[in-house]
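# Survey of secondary and tertiary structure
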Amino acid sequence: MADKKATLHIEGKAPIELPIIEGSEGQDVIDVRKLGANGFFTFDPGFLATASCESQITYIDGDKGILLHRGFPIDQLANNADYLEVCYVLLYGEVPTRAEYEKFRTTVTRHTMVHEQIASFFHGFRRDAHPMAIMCGVVGALSAFYHDSLDINNDLHREITAFRLLSKMPTLAAMCHKYTTGQPFIYPRNDLDYAENFLHMMFATPCEEYEVSPVVSRAMDKIFTLHADHEQNASTSTVRLAGSSGANPFACIAAGIASLWGPAHGGANEACLKMLEEIGSVENIPEFIERAKDKDDPFRLMGFGHRVYKNYDPRATVMREACHEVLEELKIDDPLLDVAMELERIALSDEYFVSKKLYPNVDFYSGIILKAIGIPVSMFTVIFAMSRVIGWIAHWNEMHSDPTNRIGRPRQLYTGYSQREFKPLHERE
Ligand code: CMC
């Protein structure tokens, strides 16, 4: 509702009245759409103060450390629902009845196999390719396999696409791992739940079944849940922007995967583990803490800090508990985990990190859990991608359900040359 107004006074111009739109939670926004017609654009690199869309899926209050999916606090979801129930909530906006949940779960379970030809597609990659590189390629290629339901204006087609992505991402992710290690691909099993099935496809071989530990599958499910959505972050905004042109959904999700890969975003869990390896032992921590504070040193403590959370990351609180549970249960004796725990302790009491509100984020703890479970470090961001696919698809679907949706086309502040004359090469010699 736009009953409040902001007035913009620009020297030499008539005041411009801009509507203020109120959300159901959080900051109101100043609707600047008509500024262009008045000869101005707004300038906000990195979107520090710009709402790129309207959404009803997820709300974050970074100062209070609140994360709500469709109104439900993340800790309540993580502790009382499984990942697929959270997926249902994200996709449809309401909690499912038991019958709706069972139907949803069955549909996801029954679509986990991928087209057999996709296995051949994998063989085009080098064995030492990074699994995220393979994921970008293979997920994008799904549009070539499932082109029967690519009408983005058809609600049913969009729903089928959501199911396909949710069901097949774990299969593709596990195939990446198997391909890199040179082991045969393992088919999904319909008698296992979502997290168990993923662990089975990752760790079973044709010679030996993998016995899934309930503690490990619970922790895996929590990792999926805590990464499911996070409103308009870089990868989700990428999916929306790619999708706004009407591009096919698999290509849009591949774009999201590419954006997620960066170390400032989903790549942080892998970067965090590599950092722990670089630190090596507890005695070296102070040196790295000093480097992280040094403005002339590009080194940062990976897994610390967040653009939105300036109090604590509520996902990290849940993940921290799960992390300690897994470490205790599996009785892992890994010196790297000692480094992680000591780094957490020192950074939480260091003036620099405390004053800048740089707390461990979700990726700090998820990396430690994944390492303890035995997931190779290069697969960490792939697991983030398969967990986040539901968020991406929920936002993509929301965007296409809105009849007022327009292609995303940011403006710029141009600071390059003004027009100048181009002389052909022979005249410049
Ligand atoms: N180590 C050391 N200093 C840091 C760190 C860090 N991890 N993060 C931020 N700072 C400092 C930064 O140098 C700056 O200092 P100053 O004000 O003196 O210039 C200040 O804190 C603010 O940092 P910023 O880069 O302006 O903050 P941002 O909001 O642009 O970046 C971030 C947020 C997450 C990219 C950043 O904190 C970072 O690079 N963290 C490490 C990577 C990481 O863990 N990313 C995962 C985020 S959670 C998963 C997800 O949702 O994607």
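Computed from a predicted structure; not experimentally measured. (Residues numbered from 1 in each chain as written. Predicted model: local features only at pLDDT ≥ 70, side-chain atom pairs only at ≥ 80, totals over all residues. Heavy atoms only, no water.)

### Things to note about the overall build of the protein chain
Within the protein chain one finds 18 helices and six strands. On C-alpha atoms alone, the protein chain measures out to a radius of gyration of 23 Å, which is about the 22 Å that the 2.2 N^0.38 rule sets for 429 residues. Residues classed as buried in the protein chain amount to 47% of the 429 residues present. Considering only intrachain contacts with a sequence separation of at least 6, the fraction spanning at least 24 residues in the protein chain is 68%. Element-wise, carbon and sulfur atoms account for 52% of the exposed surface of the protein chain, whose accessible area totals about 22,200 Å². For the protein chain, the centre of its 42 positive side-chain charges and the centre of its 59 negative side-chain charges are spaced 6 Å apart. (Helix = DSSP H or I, 4+ residues; strand = E, 2+ residues; numbered from the N terminus. Rg over C-alpha atoms; globule rule 2.2 N^0.38 Å. Buried < 20%, exposed > 50% of the residue type's maximum accessible area, 1.4 Å probe, protein only. Contact = heavy atoms within 4.5 Å. Areas by Shrake-Rupley, 256 points an atom, 1.4 Å probe, with all protein chains shown as cover. Lys, Arg positive; Asp, Glu negative; His and termini not counted. Charge placed at Lys NZ, Arg CZ, Asp CG, Glu CD.)

### Some thoughts on helix α2 (residues 83-92)
For an α-helix, the turn length of 3.6 residues means that residues three or four places apart are oriented alike. In terms of burial, α2 is largely enclosed, as eight of its 10 residues are buried. Regarding α2, the residues found buried are Y83, L84, V86, C87, Y88, V89, L90 and L91. One or two steps after α2, the chain reaches G93, where phi turns positive at roughly 90°.

### Looking at the environment of N361
On the secondary structure map, N361 appears in the loop between α15 (351-355) and α16 (362-373). Once residues within four sequence positions are removed from consideration, N361 is found in contact with G303, F304, G305, D313 and A316. Here the side chain of N361 touches G305 through a polar contact of 2.9 Å, landing on its backbone oxygen. (Polar contact = N/O pair within 3.5 Å; in protein donor to acceptor, adjacent residues only side chain to side chain.)

### Describing the side chain of R240
Along the chain, R240 turns up in helix α9 (residues 234-243). With relative accessibility at 9%, the residue R240 sits in the buried group. Among the polar contacts listed, one links the side chain of R240 to the side chain of Q232, at a separation of 3.2 Å. Apart from residues lying up to four places away in sequence, R240 is in contact with C53, E54, S55, Q232, H395, E398 and M399.

### As for the sheet that holds strand β4 (residues 58-61)
An order of β4-β5-β6 is seen for the three strands of this open sheet, with the pairing classed as antiparallel. At either end of the open sheet lies a strand with only one pairing partner, and these are β4 and β6 (72-73). Bridge analysis of strand β5 (residues 66-69) against β6 gives two bridges, and the strand direction is antiparallel. When the bridges of β6 are listed, L68 appears paired with P73. (Pairing = 2+ DSSP bridges.)

### A few points about the UniProt feature "active site" (unreviewed entry) in the protein chain
The sites that carry the UniProt feature "active site" (unreviewed entry) are, in the present numbering, H306 and D363. The annotated residues occupy 58 residues of the chain but converge on a single region, no pair of C-alpha atoms lying more than 10.5 Å apart. By the element assignment, H306 lies in the loop between α12 (285-293) and α13 (314-330). Reaching out from H306, the side chain makes a polar contact with the backbone nitrogen of V308 at a distance of 3.0 Å. (UniProt positions renumbered as here; feature names shortened; annotations may be inferred.)

### With respect to the state of the cysteines
Within the structure shown, the criterion is met by zero disulfides. Here C252 is not cross-linked by a disulfide; its sulfur's nearest cysteine counterpart is in C136, at 14 Å. With relative accessibility at 1%, the residue C252 sits in the buried group. (Disulfide = S-S within 2.5 Å.)

### Regarding the packing of helix α10 (residues 249-260) against helix α17 (residues 380-401)
The geometry of α10 relative to α17 is characterised by a closest axis approach of 10 Å and an angle of 130° between their N-to-C directions. Our classification of the angle between α10 and α17 gives oblique. Classified by chirality, the crossing of α17 by α10 is right-handed. In this structure, α10 uses P249, C252, I253, G256, I257 and L260 to contact α17, whose residues at the interface are T381, F384, A385, V389, W392, I393 and W396. In the contact of α10 with α17, the residues fall into 11 nonpolar, two polar and no charged. (Axes fitted to C-alpha atoms, helices over the stretch in contact; angles between N-to-C directions. Parallel < 35°, antiparallel > 145°, perpendicular 65-115°, else oblique. Left-handed = near helix turned anticlockwise from the far one by under 90°. Nonpolar A, V, L, I, M, F, W, Y, C, P; charged D, E, K, R; others polar.)

### Quick look at the site of the ligand
Contacts to the ligand come from 22 residues, most closely from H265, L301, G303, R307 and K356. Separating a nitrogen atom of the ligand from a backbone N or O atom of L301 is a distance of 2.7 Å. Side-chain polar atom of R307 to an oxygen atom of the ligand: 2.8 Å apart, as the coordinates give it. Relative to its unbound accessible surface of 940 Å², the ligand loses 76% to contact with the protein. Residues of the shell around the ligand, tallied by class, amount to 10 nonpolar, six polar and six charged. (Near = heavy atom within 4 Å.)

### Let's talk about the pairing of β4
As paired strands, β4 and β5 are joined by four bridges and run antiparallel to one another. From the neighbouring strand, D61 faces β5, where its bridge partner is I66. Taken together, β4 and the strand that follows it, β5, pair antiparallel across an intervening segment of four residues, in which G65 is found at a positive phi of about 70°.

### A look at α12
Of all the positions in α12, only I285, F288, I289 and A292 are classed as buried. Mapping the buried residues of α12 onto a view down its axis gives an arc of 105°, with all of them on the same face. The elements touched by buried residues of α12 are α11 (268-279), α14 (335-349) and α15. (Arc of directions from axis to C-beta.)

### Describing the sheet that holds strand β1 (residues 4-8)
Strand pairing in a sheet relies on backbone hydrogen bonds, with the paired strands running either antiparallel or parallel. With respect to topology, three strands assemble into an open sheet ordered β1-β2-β3, the strand pairing being antiparallel. At either end of the open sheet lies a strand with only one pairing partner, and these are β1 and β3 (29-30).

### So, unusual backbone geometry
The phi dihedral of R70 falls on the positive side, at around 50°, and the residue is not glycine. Tracing the backbone through its elements, the reader meets R70 in the loop between β5 and β6.

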